[in-house]
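Examination of the molecular architecture
Each chain, letter by letter, is given below.
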Amino acid sequence: MNLEIILFILFSVIAAASAVIMITRANPIISALFLVLNFACLAGLYLLLNAQFIAVTQIIVYAGAIMVLFLFVIMLLRPEHDLTLQKKSKIKFMAAAAGIFVFAQLVYIIFFFSPNASQKTSVQSSINSGTIEQIGTAIFTKYVIPFEAAGYLLLAAAIGALVLAKKKFE
Amino acid sequence: MIINYIPILLVIAAAAGFAGLVVYSSTLFGPQSPNKEKLSTYESGMKPVGTTKERVSVKYYLVAMFFIIFDLEVVFVYPWAVQFKKLYNQYGISVFISMLIFLVVLELGYLYVYKKGGFKWD
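Residues numbered from 1 in each chain as written. Chains lettered and ligands numbered in written order. Predicted model: local features only at pLDDT ≥ 70, side-chain atom pairs only at ≥ 80, totals over all residues. Heavy atoms only, no water.

**Brief notes about the overall build of chain A**
Applied cut-off: Where helices and strands are cited, they refer to DSSP runs of H or I of at least four residues and of E of at least two residues respectively, numbered from the N terminus. Relative accessibility decides the category of a residue: with a 1.4 Å probe and only protein chains considered, values under 20% of the type maximum give buried, values over 50% give exposed, and everything between is partly exposed. Note on definitions: a residue-residue contact is assigned when non-hydrogen atoms from the two residues lie within 4.5 Å. Accessible surface is estimated by sampling points in the Shrake-Rupley manner with a 1.4 Å probe; for residues, cover comes only from the protein chains shown. This count recognises Lys and Arg as positive and Asp and Glu as negative, with His and chain-terminal groups excluded. The atoms used to mark charge sites are NZ of Lys, CZ of Arg, CG of Asp and CD of Glu.
Assigned secondary structure in chain A consists of 7 helices and 0 strands. Ordering the α and β elements of chain A from the N terminus gives α-α-α-α-α-α-α. By principal-axis analysis of the C-alpha atoms, chain A measures approximately 55 × 45 × 30 Å. Per-residue burial for chain A yields a buried fraction of 25% across its 170 residues. Pairs at least 24 residues apart make up 58% of the contacts formed inside chain A by residues separated by at least 6 positions. As presented, chain A carries roughly 11,200 Å² of accessible surface, and 74% of it is formed by carbon and sulfur atoms. Computing the positive centroid from 11 side-chain charges and the negative centroid from 6, chain A places the two 15 Å apart.

**Quick notes on the overall build of chain B**
Stated formally: Note on method: radius of gyration uses C-alpha positions; expected globular size equals 2.2 Å times residues raised to 0.38.
Helix and strand content of chain B: 4 helices and 0 strands. A compact globule built from 122 residues should have a C-alpha radius of gyration of about 14 Å, whereas chain B, at 24 Å, is more than 25% larger. Expressed as lengths along the three principal axes of its C-alpha atoms, the size of chain B is roughly 70 × 50 × 20 Å. Per-residue burial for chain B yields a buried fraction of 21% across its 122 residues.

**Thoughts on the packing of aromatic side chains**
Rules: For Phe, Tyr and Trp, rings pair up if their centres lie within 6.5 Å, where Trp contributes its six-membered ring, and each pair is then called stacked (planes under 30 degrees apart), edge-to-face (over 60) or tilted (otherwise).
Counting across every chain of the model gives 9 aromatic pairs over all chains. Their ring planes at 55° and their centres at 6.2 Å tell us that Y108(A) and F113(A) sit as a pair that is tilted. Taking relative accessible area as the criterion, Y108(A) reaches 45% and is therefore assigned partly exposed. Linked through ring pairs, F140(A), F147(A), F76(B) and F102(B) together constitute an aromatic cluster.

**Thoughts on the confidence of the model for chain B**
Residue and element names in this part refer to chain B. For clarity, the cut-off: pLDDT gives the predictor's per-residue confidence on a scale running from 0 to 100.
Residues with a pLDDT of 70 or more make up 98% of chain B, whose mean pLDDT is 85. Mean pLDDT values over the elements of chain B span from 82, in helix α2 (residues 36-39), up to 91, in helix α1 (residues 6-29). Confidence metrics for the complex model read pTM 0.78 and ipTM 0.73.

**With respect to the interface of chain B and chain A**
It is common to give the size of an interface as the accessible area that goes away when the parts come together. In plain terms, the rule: Computed with a 1.4 Å rolling probe, the buried area is the accessible surface lost when two parts are put together, summed over both parts. Counted as salt bridges are all cases of a side-chain nitrogen of Lys or Arg within 4 Å of a carboxyl oxygen of Asp or Glu. In the analysis that follows, any N or O atom pair within 3.5 Å is treated as a polar contact, provided that within protein one partner can donate a hydrogen and the other can accept it, and provided that, for residues neighboring in sequence, both atoms belong to side chains. Throughout, the ten residues Ala, Val, Leu, Ile, Met, Phe, Trp, Tyr, Cys and Pro are labelled nonpolar, Asp, Glu, Lys and Arg are labelled charged, and all others, Gly among them, are labelled polar.
Taken residue by residue, the interface counts 47 residues in chain B and 49 residues in chain A. Summing both partners gives a buried area of about 4,500 Å² for chain B against chain A, and 78% of it is carried by carbon and sulfur. If you sort the residues of chain B by the area they bury against chain A, I2(B), Y5(B) and R55(B) come out on top, with a joint share of 14%. Put simply, chain B and chain A have 0 salt bridges between them. Where chain B meets chain A, there are 4 residue pairs in polar contact (both at pLDDT 80 or more). For the side of chain B that touches chain A, the element with the highest residue contribution is helix α3 (residues 59-91) of chain B, accounting for 22 residues. Its residues assigned to classes, the side of chain B that touches chain A comprises 32 nonpolar, 6 polar and 9 charged.

**A look at the confidence of the model for chain A**
Per-chain confidence: chain A averages 84 in pLDDT, with 91% of residues scoring 70 or above. Across chain A, the secondary-structure element scoring lowest on mean pLDDT is helix α5 (residues 117-128) of chain A, at 72, and the one scoring highest is helix α1 (residues 3-24) of chain A, at 91.

**A closer look at the nonpolar core**
Let me state the cut-off plainly: To qualify as a nonpolar core, a set must consist of buried Ala, Val, Leu, Ile, Met, Phe, Trp, Tyr and Cys residues joined through side-chain atoms within 4.5 Å. Boundary definitions for the domains trace back to an automatic or database domain assignment.
If you look at the biggest cluster of nonpolar residues, it comprises 29 residues, and the most contacted ones within it are F140(A), F147(A), F66(B), I69(B), M99(B) and F102(B). Every element with two or more residues in this core is listed here: α3 (52-76), α6 (132-141) and α7 (144-165) of chain A together with α3 and α4 (94-115) of chain B. For this core, the domains that each give at least three residues are domain 1 (3-130) and domain 2 (131-170) of chain A. When neighbours within four sequence positions are excluded, M99(B) is seen to be in contact with F140(A), F147(A), E148(A), F76(B), V77(B) and W80(B). A32(A), F39(A), A63(A) and I74(A) belong to the second largest nonpolar core, which has 6 residues in total.

**Some points on unusual backbone geometry**
Of all residues except glycine, most have a negative phi; of all peptide bonds, most are trans. One non-glycine residue, N50(A), lies in the positive phi region at around 70°. Its place among the elements puts N50(A) in the loop between α2 (28-48) and α3.

**Some thoughts on the domain arrangement of chain A**
Residues and elements named next belong to chain A. Under the domain assignment, chain A is made up of domain 1 (3-130) and domain 2 (131-170). When each unit is reduced to the centre of its C-alpha atoms, the spacing between domain 1 and domain 2 is 25 Å. Summed over the shared surface of domain 1 and domain 2, the result is 0 salt bridges. Scanning the region where domain 1 abuts domain 2 turns up 1 residue pair in polar contact (both at pLDDT 80 or more). When the residues that make up the side of domain 1 that touches domain 2 are grouped by side-chain class, the tally is 1 nonpolar, 5 polar and no charged.

**Some words on the side chain of S31(A)**
Mapping S31(A) onto the fold places it in helix α2. In this view, S31(A) contacts M22(A) and R25(A); residues no more than four positions away in its chain are not counted.

Here it is as structure tokens:
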């Protein structure tokens, strides 16, 4: 076994275990912290897939900013109300159905699906497209208009957040 | 190759090691003679009142939302900074201008939020 496979098994086992621990904790703050561990392991998996930019973004945006938001939301809630795990059988049934569907899809893709010739070449080129150099070149040459549009989207998000969250202005 | 990321692993290991060392050095080096009074909850010499799980103010939520927005802004700067020299030699000043427009648009948002008092704690 080479290093990649050992690291892949390590990251995936920790990611799966932390996901299971996350959904079974009664204390939502501990759940959120295990979600951080899960995000870190996913970043390691992205790195193994040669997607270094996505790996760093996973750490900076998800494990950093999004988790701060999650923790604040948890701490905003009434602590005595959220200490019970979900026990409704209907929701459990729906969740089990969704989980079985996704699992069947994964089994089909891994064991029974054989890509045709054009898909194989696109896989080959996409292995190299995850590096930060490729992404930087793509954003500032081919996708410069969507990039500027993303700037306006973030501007709208900043103004929207201010208007929604701050009722009383100067 | 994954072996190229060893320096990043070393940085993470050094950061985690330093944090662990700082947290555990006091229990490692400090003298310990615990008794019941010492181990009880300390609250300014008073008897502790209320719950430890206080709800935080909704104002933190606004700060967290702005943090996400401007964090995402910075994420776009990283690939630009890595590729800037190569793209500048190839396409000239337009690479700089496209990033300038992006940043000016977002700084306008920052100015708007600042002027409206979005960062004020009232």
